Amino acid sequence: MDPRVQQFMAMIKARNPGENEFHQAVQEVSESLIPFIEENPKYKYSKILERIAEAERTIIFRVPWLDDKGEIQINRGFRIEMNSAIGPYKGGLRFHPTVNLGILKFLAFEQVFKNSLTTLPMGGGKGGSDFDPKGKSDNEVMRFCQSFMTELFRHIGADTDVPAGDIGVGGREIGYLFGQYKRLKNEFTGVLTGKGIEWGGSLIRPEATGYGATYFAQEMLSTAGESIKGKIVCISGSGNVAQYATEKVTQLGGKVVTSSDSNGFIYDPKGIDAEKLSFIMELKNLRRGRIKEYAEKFGVEYFEGNRPWGIKCDIAMPNATQNEIDEEDARTLVKNGCICVTEGANMPSTPEAVEVFHKAKILYGPGKAANAGGVATSGLEMTQNSMRLPWSREEVDQKLQVIMKNIHATCVIYGKNSDGYINYVDGANIGGFVKVANAMIAQGVV
Ligand code: NDP
């Protein structure tokens with residue numbers, strides 16, 4: 001490791017003990033940025049890297065609620081307000097039992113660079129709770145969301161901090177959170193994105209992360225004279241991002257052969273077509289069942305406790321969670337002829353896996369660039385809320401496609417090596433950094 005990175009990381013680890021995912025995210029970024037900062041000393045004198053790795057504000061709070069049996073439950077709520085140099089804090093809320101401070105700090109840190117890449121005026125934040133919506137009734141989820149918002153409302157606002165969804169927070173949860181915010185503040189504002197279409201939501205927002213990751217893959221493939229048409233695609237996850245990535249890949253002529261949840265994955269060699277996808281959507285979004293039922297319904301294989309990366313594919317799209325592709329998975333993907341990895345999820349590949357992709361010189365699009373379509377469309381939702389005017393589906397999709405093309409172009413500018421290989425990690429890190437860093441310098445030591 002570069003001794004400068006080592007020294008910086010020693011400081012980060014000492015200040016943030018035990019927060020492994022946060023260390024991982026900061027190290028990846030500092031490996032790209034430290035050499036860049038050496039060449040651009042104004043960032044060094046202003047200690048931008050040290051400042052950007054320290055949250056502007058961290059809020060941790062108690063979330064008590066009553067379950068259906070009348071028993072009191074206690075969860076922990078968080079909001080990390082990471083950086084507001086270029087706009088109000090913006091980033092999702094995650095409800096999952098694994099949520100802790102380190103995971104949310106990694107997500108908030110990544111969000112700063114991602115939001116900058118979109119070119120929209122959004123700072124970075126992230127939040128959530130260790131609450132598990134799985135197995136809870138709608139009423140329990142509502143009571144939890146109301147209690148969570150009863151504290152969070154005093155820290156957020158349309159011009160201050162605008163949360164959205166993430167793992168475990170979809171349309172249902174955003175509805176309950178928004179309802180409670182409106183009741184407490186007595187105002188109808190665009191304080192959350194991912195809202196229902198009848199009450200301030202944007203068309204294409206539910207689709208945006210999965211569609212955007214697919215558009216990004218298309219851009220990467222075009223640099224190699226390739227396209228999605230006719231390609232075999234392995235997708236992990238079966239939630240929001242996975243569902244709409246499956247839809248867009250299929251529309252563009254690719255064949256998605258896997259879908260997964262935290263229990264296992266299904267392999268459908270004939271491909272998950274529109275009809276089978278609507279089964280998954282009903283299963284996951286309404287009945288809230290397990291992916292295993294797909295195998296029973298369509299007579300395909302189900303692999304309990306496994307991830308889909310052993311299935312031969314041309315394109316891999318990890319769309320579930322962090323660190324879901326390890327070094328061995330990466331080697332298997334490359335050995336099986338995979339030419340492109342596009343991350344719908346945040347940090348789904350371990351550092352060792354990323355090294356395997358880079359050594360093999362395959363197309364590798366890190367989450368902060370590839371999945372930025374979600375937050376970009378949230379930014380478009382904020383614009384529509386401010387104007388009090390909704391745009392058409394075509395208009396939003398068109399804007400999303402342009403944004404993904406521009407993010408790709410930024411990555412090429414900052415990430416192209418002398419041999420022509422595009423290092424999208426460097427491209428996204430440096431491309432996302434410059435605007436935020438310049439804004440921080442302009443705003444003084446704050
Ligand atoms: P959902 O909750 O809709 O879906 C998550 C999916 O991933 C589910 O299939 C879930 O399975 C699976 N999953 C979650 N945790 C694990 C785990 N520990 N191991 C294996 N599988 C797991 O979330 P999203 O689709 O919204 O988010 C997926 C990823 O995309 C996350 O990394 C998120 O940060 C990222 N992302 C999301 C954006 C958005 O707009 N929603 C924007 C940008 C990034 P199960 O049902 O069994 O839990």
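Residues numbered from 1 in each chain as written. Predicted model: local features only at pLDDT ≥ 70, side-chain atom pairs only at ≥ 80, totals over all residues. Heavy atoms only, no water.

1. A look at the nonpolar core
Using the following cut-off: Only buried Ala, Val, Leu, Ile, Met, Phe, Trp, Tyr and Cys residues count toward a nonpolar core, and they belong to the same one when joined by side-chain atoms within 4.5 Å. The classification of residues rests on relative accessible area computed with a 1.4 Å probe and restricted to protein chains. Under 20% of the type maximum is buried, over 50% is exposed, and intermediate values are partly exposed. Numbering of helices and strands starts at the N terminus; helices are DSSP runs of H or I of at least 4 residues and strands are runs of E of at least 2. Residue ranges assigned to the domains are those given by an automatic or database domain assignment. By the convention used here, residues are in contact when the closest approach between their heavy atoms is within 4.5 Å.
Counting residues in each nonpolar core, the largest one holds 51 residues, and the members touching the most others are Phe216, Tyr294, Met317 and Ile407. Looking at this core element by element, the count peaks at eight residues for helix 8 (residues 205-223). Formed jointly, this core draws a minimum of three residues from each of two domains, domain 2 (57-186) and domain 3 (208-370). Not counting residues up to four positions away in its chain, the partners in contact with Ile407 are Leu117, Thr118, Phe216, Ala369 and Ala372. Core analysis: the next-biggest nonpolar cluster, separate from the first, contains 40 residues, Val5, Ile48, Ala85 and Ile103 among them.

2. Examining the domain arrangement of the protein chain
Basically, it comes down to this: Here the quantity called buried area is the total loss of accessible area, with a 1.4 Å probe, experienced by two parts when brought into contact, counted for both. The rule for a salt bridge is simple: a side-chain nitrogen of Lys or Arg has to be within 4 Å of a carboxyl oxygen of Asp or Glu. Polar contact criterion, stated in full: a pair of N or O atoms within 3.5 Å, where within protein one must be able to donate a hydrogen and the other to accept it, and residues adjacent in sequence count only if both atoms are side-chain atoms. As a working rule, the residues Ala, Val, Leu, Ile, Met, Phe, Trp, Tyr, Cys and Pro are called nonpolar, Asp, Glu, Lys and Arg charged, and the rest polar, with Gly in that last group.
One can read the domain layout of the protein chain as domain 1 (1-54 + 426-446), domain 2 (57-186) and domain 3 (208-370). When domain 1 packs against domain 2, the two sides together hide about 1,600 Å² of surface, and 69% of this comes from carbon and sulfur. A salt bridge links Glu19 to Lys105, with the shortest nitrogen-to-oxygen separation between them at 2.7 Å. In this assembly, domain 1 and domain 2 are joined by five residue pairs in polar contact (both at pLDDT 80 or more). In terms of residue count, helix 17 (residues 424-442) provides more of the side of domain 1 that touches domain 2 than any other element does, nine residues in total. Partitioning the side of domain 1 that touches domain 2 into residue classes produces twelve nonpolar, five polar and four charged.

3. Some details on empty space enclosed by the protein
We apply this condition: Here a cavity denotes a set of grid points, spaced 1 Å apart and computed over the protein atoms alone, in which a 1.4 Å probe fits but from which it cannot get out, and a pocket denotes an open set meeting protein on both sides within 12 Å along at least five of seven lines; residues with an atom within 4 Å of a point are reported as lining. Grid points are joined across faces, edges and corners, and a volume is the space filled by probe spheres set on the points.
Evaluated as defined, the whole model comprises one cavity of 30 Å³ or more. Roughly 40 Å³ of volume is contained in the largest cavity. Taken together, Ile235, Gly237, Ser238, Ala242, Gln243, Thr246, Ser259, Ile272, Leu277 and Ile280 form the lining of the largest cavity. A per-class count over the lining of the largest cavity returns five nonpolar, five polar and no charged.

4. Overview of the environment of Phe148
Along the chain, Phe148 turns up in helix 6 (residues 138-152). Taking the C-alpha atoms as reference points, Phe148 and Ile34, separated by 114 residues in sequence, lie 39 Å from one another. Phe148 has contacts with Phe61, Val63, Gly77, Phe78, Leu93, Phe95, Gly128, Ser129 and Leu177, leaving out every residue within four places of it along the chain.

5. Remarks on the layout of surface pockets
There is about 480 Å³ of room inside the second largest pocket. What lines the second largest pocket is a set of 23 residues, and nearest its centre among them are Glu28, Glu31, Pro351, Val354 and Glu355. Looking at the lining of the second largest pocket, the elements with two or more residues in it are helix 2 (20-39), helix 13 (351-360), helix 14 (367-370) and helix 17. With six residues, the single largest contributor to the lining of the second largest pocket is helix 2. Counted by class, the lining of the second largest pocket contains six nonpolar, nine polar and eight charged residues. Each of domain 1 (1-54 + 426-446) and domain 3 (208-370) accounts for three or more of the residues forming the lining of the second largest pocket.

6. Thoughts on the site of the ligand
Note the cut-off: By convention in these notes, a residue is near a molecule or strand provided one of its non-hydrogen atoms lies within 4 Å of it. All accessible areas in this document rest on Shrake-Rupley with a 1.4 Å probe, and a residue is counted as covered only by the protein chains that are shown.
Surveying the vicinity of the ligand reveals 24 residues, the closest of which are Asp166, Thr209, Ser262, Arg290 and Asn346. Contacts to the ligand include Asp166, whose side-chain N or O atom sits 2.6 Å from an oxygen atom. A distance of 3.0 Å separates an oxygen atom of the ligand from a polar atom in the side chain of Arg205. Isolated, the ligand exposes 900 Å² of accessible area, and the fraction of that covered by the protein chains is 83%. Within the residue set of the shell around the ligand, elements represented by two or more residues are helix 8, helix 9 (240-251) and strand 8 (258-261). Of the residues belonging to the shell around the ligand, the class tally is four nonpolar, 14 polar and six charged. Summarising the domain contributions, the shell around the ligand has at least three residues from each of domain 2 (57-186) and domain 3 (208-370).

7. Considering helix 5 (residues 101-117)
For clarity, the threshold we go by: Expected span of a helix: the number of residues minus one, times 1.5 Å.
Compared with an ideal rise of 1.5 Å per residue, which puts 17 residues at 24 Å, helix 5 spans 25 Å between its outermost C-alpha atoms and is within 8% of the ideal. With respect to burial, helix 5 is a largely interior element, 16 of its 17 residues being buried. For helix 5, the capping residue at the N-terminal end is Asn100, with a side-chain oxygen 3.1 Å from the backbone nitrogen of Gly102. Directly after helix 5, the chain includes Thr119, whose backbone phi takes a positive value near 75°.

8. Regarding the side chain of Glu81
With respect to the helices and strands, Glu81 occurs in strand 2 (residues 72-83). Residues contacting Glu81, with those up to four places away along its chain left out, are Ala55, Glu56, Arg57, Ile59, Tyr89, Gly124, His155 and Asp161.

9. So, the sheet that holds strand 13 (residues 363-365)
As a reminder, the rule being used: Strand pairing is defined by DSSP finding a minimum of two bridges between the two strands. Under this scheme, a helix contributes an axis fitted over its contacting stretch, all axes are lines through C-alpha atoms, and angles between N-to-C directions fall in the 0 to 180 degree range.
Taking strand neighbours across the sheet as the criterion, the five strands line up as 7-6-11-12-13 in an open arrangement whose pairing is parallel. Unpaired on one side and paired on the other, strand 7 (255-256) and strand 13 mark the two borders of the sheet. Where helix 8 meets the sheet, it contacts strand 11 (315-317), strand 12 (340-342) and strand 13, and its direction lies at approximately 150° from that of strand 12.

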